[in-house]
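Residues per chain, in single letters:
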Amino acid sequence: MVNLDQSKWFTEISERDGSAFSLRINKKLEEKQSPFQKVEMFETTDFGNLMIIDGCTMVTSRENFFYHEMISHPALLAHPAPKNVVIIGGGDCGTLREVLKHDGVETVTQIDIDEVVTQMSLKYFPELCESNDDPRATVMFDDGIKYMRELAGESIDVVIVDGTDPVGPGEGLFNHAFYTSCLKALRPGGILVQQSESPLMHMPLLVEMRNAMLDVGFNDLQTLPFPQPIYPSGLWSVTLARKSQAFDGFREDTASKIALQSEYYNGAIHHGALSTPNFMQRVFNKK
Ligand code: SPD
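This is a predicted model, so every value here is computed, not measured.

A. Representation of the layout of surface pockets in the model. Roughly 440 Å³ of volume is contained in the largest pocket. Around the largest pocket, the lining is made up of 36 residues, and of these Gly 89, Asp 112, Asp 162, Gly 163 and Thr 164 lie nearest the centre. Every element with two or more residues in the lining of the largest pocket is listed here: strand E4 (49-53), strand E5 (56-60), helix H1 (64-78), strand E6 (84-89), strand E7 (107-112) and helix H4 (144-150). Inspection of the lining of the largest pocket shows a minimum of three residues originating in each of domain 1 (2-60) and domain 2 (64-284).

B. Here's a closer look at the domain arrangement of the protein chain. Assigned domains of the protein chain: these are domain 1 (2-60) and domain 2 (64-284). Using C-alpha coordinates to define each centre, domain 1 is positioned 24 Å away from domain 2. At the interface, 26 residues of domain 1 touch 23 residues of domain 2. Of all residues in domain 1, Arg 16, Phe 36 and Val 59 give up the largest surface area on contact with domain 2, accounting jointly for 23% of the area buried on that side. Scanning the region where domain 1 abuts domain 2 turns up three salt bridges. The interface formed by domain 1 and domain 2 holds ten residue pairs in polar contact (both at pLDDT 80 or more) in total. Among the elements of the structure, strand E1 (9-14), strand E2 (19-33), strand E3 (38-44), E4 and E5 are those that each provide at least two residues to the side of domain 1 that touches domain 2. Top element by residues in the side of domain 1 that touches domain 2 is E2. It accounts for seven residues. Looking at the side of domain 1 that touches domain 2 residue by residue, the class counts come to 13 nonpolar, seven polar and six charged.

C. Here's a closer look at H1. With 15 residues, H1 should cover 21 Å at 1.5 Å per step; its first-to-last C-alpha distance of 22 Å lies within 8% of that length. Among the 15 residues that make up H1, 14 are buried, leaving the element largely enclosed by the rest of the structure.

D. Inspection of the state of the cysteines at higher detail. The tally for this structure, following the rule as stated, stands at zero disulfides. Left without a disulfide partner, Cys 93 is nearest to the cysteine sulfur of Cys 129, which lies 4.2 Å away. Among the cysteines around Cys 182, which has no disulfide bond, Cys 93 carries the closest sulfur, lying 20 Å off. Given a relative accessible area of 0%, Cys 182 falls into the buried group.

E. Representation of the sheet that holds strand E9 (residues 156-162). If you walk across this open sheet you meet the seven strands as E8-E7-E6-E9-E10-E12-E11, and the pairing is mixed. Each end of this open sheet is capped by a strand with a single partner; those strands are strand E8 (137-141) and strand E11 (220-227). Strand-to-strand twist of the sheet, defined as the mean angle between neighbouring strand axes without regard to direction, takes the value 15°. Pairing analysis gives five bridges linking E6 to E9, with the strands arranged parallel. Directly across from Val 85, in E9, lies its bridge partner Val 158. Helix-sheet contacts for helix H5 (residues 176-185) involve E6, E9 and strand E10 (186-195), and the interaxial angle to E10 is about 140°.

F. Here's a closer look at the sheet that holds E1. Strand order across the open sheet formed by five strands is E1-E2-E3-E4-E5, with antiparallel pairing between neighbours. Here the strands that pair on one side only, and so sit at the sheet edges, are E1 and E5. If you compare each strand with its neighbour and ignore which way they point, the axes differ by 45° on average. Where E3 lies against E4, five bridges are found, and the strand directions are antiparallel. Within the sheet, the bridge partner assigned to Glu 43 lies in E4 and is Asn 49. Contacts between helix H3 (residues 115-124) and the sheet are confined to E2, E3 and E4, with E2 contributing the most and set at about 95° to the helix.

G. Inspection of H5 at higher detail. Three or more residues of H5 are buried, namely Phe 178, Tyr 179, Ser 181, Cys 182, Leu 183 and Ala 185. Those residues of H5 hidden inside the fold are in contact with E6, H4, E9, E10 and helix H6 (203-216). The opening residue of H5 is Asn 175, an N-cap whose side-chain oxygen sits 3.2 Å from the backbone nitrogen of Ala 177.

H. Region of the structure containing the nonpolar core. Counting residues in each nonpolar core, the largest one holds 39 residues, and the members touching the most others are Val 85, Val 99, Val 108, Ile 160 and Leu 240. The element best represented in this core is H1, accounting for eight residues. Summarising the domain contributions, this core has at least three residues from each of domain 1 (2-60) and domain 2 (64-284). Excluding residues within four positions of it along the chain, Val 85 makes contact with Leu 76, Val 99, Val 105, Thr 107, Val 108, Thr 109, Val 158 and Ile 160. Membership of the second largest hydrophobic core comes to 25 residues, among which are Met 148, Val 159, Tyr 179 and Leu 183.

I. Spatial organisation of the site of the ligand. Taken together, Thr 57, Met 58, Val 59, Tyr 67, His 68, Asp 92, Asp 162, Gly 163, Asp 165, Gln 195, Tyr 231 and Trp 236 make up all the residues around the ligand. One nitrogen or oxygen atom from the side chain of Asp 92 is found 2.6 Å from a nitrogen atom belonging to the ligand. Burial of the ligand by the surrounding chains reaches 97%, relative to a free accessible area of 340 Å². Structurally, the ligand is housed in the largest pocket. The set of elements that each furnish at least two residues to the shell around the ligand consists of E5 and H1. Ranked by the residues each element gives to the shell around the ligand, the list is headed by E5, at three residues. Here the shell around the ligand spans two domains, since at least three of its residues come from each of domain 1 (2-60) and domain 2 (64-284).

Here is what the cut-offs are and how they apply
- Residues numbered from 1 in each chain as written.
- Predicted model: local features only at pLDDT ≥ 70, side-chain atom pairs only at ≥ 80, totals over all residues.
- Heavy atoms only, no water.
- 1 Å grid on protein atoms, 1.4 Å probe; cavity = no way out; pocket = protein on both sides within 12 Å on 5 of 7 lines; lining within 4 Å.
- Points joined across faces, edges and corners; volume = space filled by probe spheres on them.
- Helix = DSSP H or I, 4+ residues; strand = E, 2+ residues; numbered from the N terminus.
- Domains from an automatic or database assignment.
- Contact = heavy atoms within 4.5 Å.
- Buried area = accessible area lost by both parts, 1.4 Å probe.
- Salt bridge = Lys/Arg side-chain N within 4 Å of Asp/Glu carboxyl O.
- Polar contact = N/O pair within 3.5 Å; in protein donor to acceptor, adjacent residues only side chain to side chain.
- Nonpolar A, V, L, I, M, F, W, Y, C, P; charged D, E, K, R; others polar.
- Expected span 1.5 Å × (residues − 1).
- Buried < 20%, exposed > 50% of the residue type's maximum accessible area, 1.4 Å probe, protein only.
- Disulfide = S-S within 2.5 Å.
- Pairing = 2+ DSSP bridges.
- Axes fitted to C-alpha atoms, helices over the stretch in contact; angles between N-to-C directions.
- Core = buried A, V, L, I, M, F, W, Y, C linked by side-chain atoms within 4.5 Å.
- Near = heavy atom within 4 Å.
- Areas by Shrake-Rupley, 256 points an atom, 1.4 Å probe, with all protein chains shown as cover.
- Sits in = over half its atoms within 2 Å of the grid points.

Okay, here's the thing in structure tokens:
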């Protein structure tokens, strides 16, 4: 039994999962209570900088590429020609940076409710914000649920929901009303992609999300698991939902032909992530 000096570690205790995850820290860099949530920044000994929101681990310098690449590239390549993209949440700007790697994308509008998250990211994760000045990007601070509700019908190709867990400000991003707004705003063939928690720890939530997406009229769903070392269980997922014309798969062939500058994602990863593990298949196939 190691006797840990608690002051040297940040620990996210995940009560709902009966688990905890710790990173060793050098020092606390900053803390701000925004009108929406508490945002804390730490310098860790081995993972670079660390952002915590309301006690939950969000981003580290060392490993955020898994999440940001997997929430962006499979969805953008699953669409034959994504031109207009909306990101709901995503305040650290890591997803925005990945989306802008796609030359065919003409506009990306990011709407995060909390400006403090972006201020902290500009200061402590400048590499994630390096594309914020791209002329195709618009960064807004507003209520993403309202934004989607008011967006013109059939005006976008991909909506990426890069939110927090389904508690606090992120809660309203996981329900029928929100998915209905997304469906309306997407052009035919458009894709909704959302961070969908841990398939190992949060399967009931994942099933509820998928059912809600189908209920409102999305046709094809695909949940992609991927490693996420700093989130509960280390296994995370995104779920893609298509406003369908004819189903033509999620374009794994295209993915293998595109060269993107990335740390994790490539064509083979895209292909592999489309293979649903048995423990997930069994639940998804249950009627
Ligand atoms: N358990 C944490 C889930 C948070 C998902 N969003 C992270 C934001 C990274 N852009």
